[in-house]
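The primary structure of each chain is shown beneath.
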Amino acid sequence: MAADGLPAELDFLLDEKGVPNIYKDKLIAEDINTIGKFALLDDTRTAIRALLKDEWRFVGEADPKHRANHAACVDAWESAGARARKEREEAAEARSSKTPRTLPAQDLLGLRT
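Small disclaimer: the values here were computed from a predicted structure and weren't measured. (Residues numbered from 1 in each chain as written. Predicted model: local features only at pLDDT ≥ 70, side-chain atom pairs only at ≥ 80, totals over all residues. Heavy atoms only, no water.)

A. Broad picture of the nonpolar core. Core analysis: the largest hydrophobic core is formed by 23 residues, its most contacted members being Leu-10, Leu-14, Phe-38, Leu-52 and Trp-56. Elements represented by at least two residues in this core include exactly α1 (8–17), α2 (21–29), α3 (35–39), α4 (45–55) and α5 (64–97). It is α5 that provides the largest number of residues to this core, a total of 7 residues. When neighbours within four sequence positions are excluded, Leu-14 is seen to be in contact with Leu-6, Val-19, Lys-24, Leu-27, Phe-38 and Ala-76. (Core = buried A, V, L, I, M, F, W, Y, C linked by side-chain atoms within 4.5 Å. Buried < 20%, exposed > 50% of the residue type's maximum accessible area, 1.4 Å probe, protein only. Helix = DSSP H or I, 4+ residues; strand = E, 2+ residues; numbered from the N terminus. Contact = heavy atoms within 4.5 Å.)

Now the structure itself:
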């Protein structure tokens, strides 16, 4: 787990996309602690924006900083969806071909300790 309570892979993704810590704190509070859960928060960009604005009360559309924060979160959500799909595809392929699945480096390091 990363220092702020998120798994390293999700924390890295959010950092990479520039998602502010206040959004990360909300993910922790809502127990959204995997890329898969984050990817499945909703189905569309519009729905994710509505979640941020209406349910999580991150408002301030007129403020460019808030718009940029929302955009970073939506960008991270899209990337999480792509990563989750790729992981599911790789796992399915490994099962069907009966070959060992390749683990992400962080998972492998976790197994070694």
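B. Quick peek at the confidence of the model for the protein. For the protein, the mean per-residue pLDDT works out to 84, and 83% of the residues sit at or above 70. Mean pLDDT values over the elements of the protein span from 66, in helix α6 (residues 105–112), up to 93, in α1. (pLDDT = per-residue confidence, 0-100.)

C. Spotlight on unusual backbone geometry. At Asp-31, a residue that is not glycine, the phi angle is positive and equals roughly 60°. You can see Asp-31 is positioned in the loop between α2 and α3. What makes Asp-31 partly exposed here is its relative accessible area of 46%.

D. Structural context of the pattern of salt bridges. Enumeration according to the criterion identifies 7 salt bridges in this entry. The partner of Arg-83 in a salt bridge is Glu-16, with the nearest N and O atoms 3.2 Å apart. A residue pair is termed long-range when its members are at least 10 positions apart, and Arg-83 in helix α5 and Glu-16 in helix α1 qualify at 67 residues. Overall, the relative accessible area of 28% leaves Arg-83 in the partly exposed class. Accessibility expressed as a relative area gives 45% for Glu-16, which makes it partly exposed. (Salt bridge = Lys/Arg side-chain N within 4 Å of Asp/Glu carboxyl O.)

E. Here's a closer look at the packing of α1 against α5. The geometry of α1 relative to α5 is characterised by a closest axis approach of 9 Å and an angle of 140° between their N-to-C directions. Accordingly, the angle class assigned to the pair α1 and α5 is oblique. For the pair α1 and α5, the sense of crossing is right-handed. The residues of α5 that touch α1, namely those facing Glu-9, Leu-13, Leu-14, Glu-16 and Lys-17, are Ala-72, Asp-75, Ala-76, Ser-79, Ala-80, Arg-83 and Glu-87. Partitioned by chemical class, the residues of the contact of α1 with α5 number 5 nonpolar, 1 polar and 6 charged. (Axes fitted to C-alpha atoms, helices over the stretch in contact; angles between N-to-C directions. Parallel < 35°, antiparallel > 145°, perpendicular 65-115°, else oblique. Left-handed = near helix turned anticlockwise from the far one by under 90°. Nonpolar A, V, L, I, M, F, W, Y, C, P; charged D, E, K, R; others polar.)

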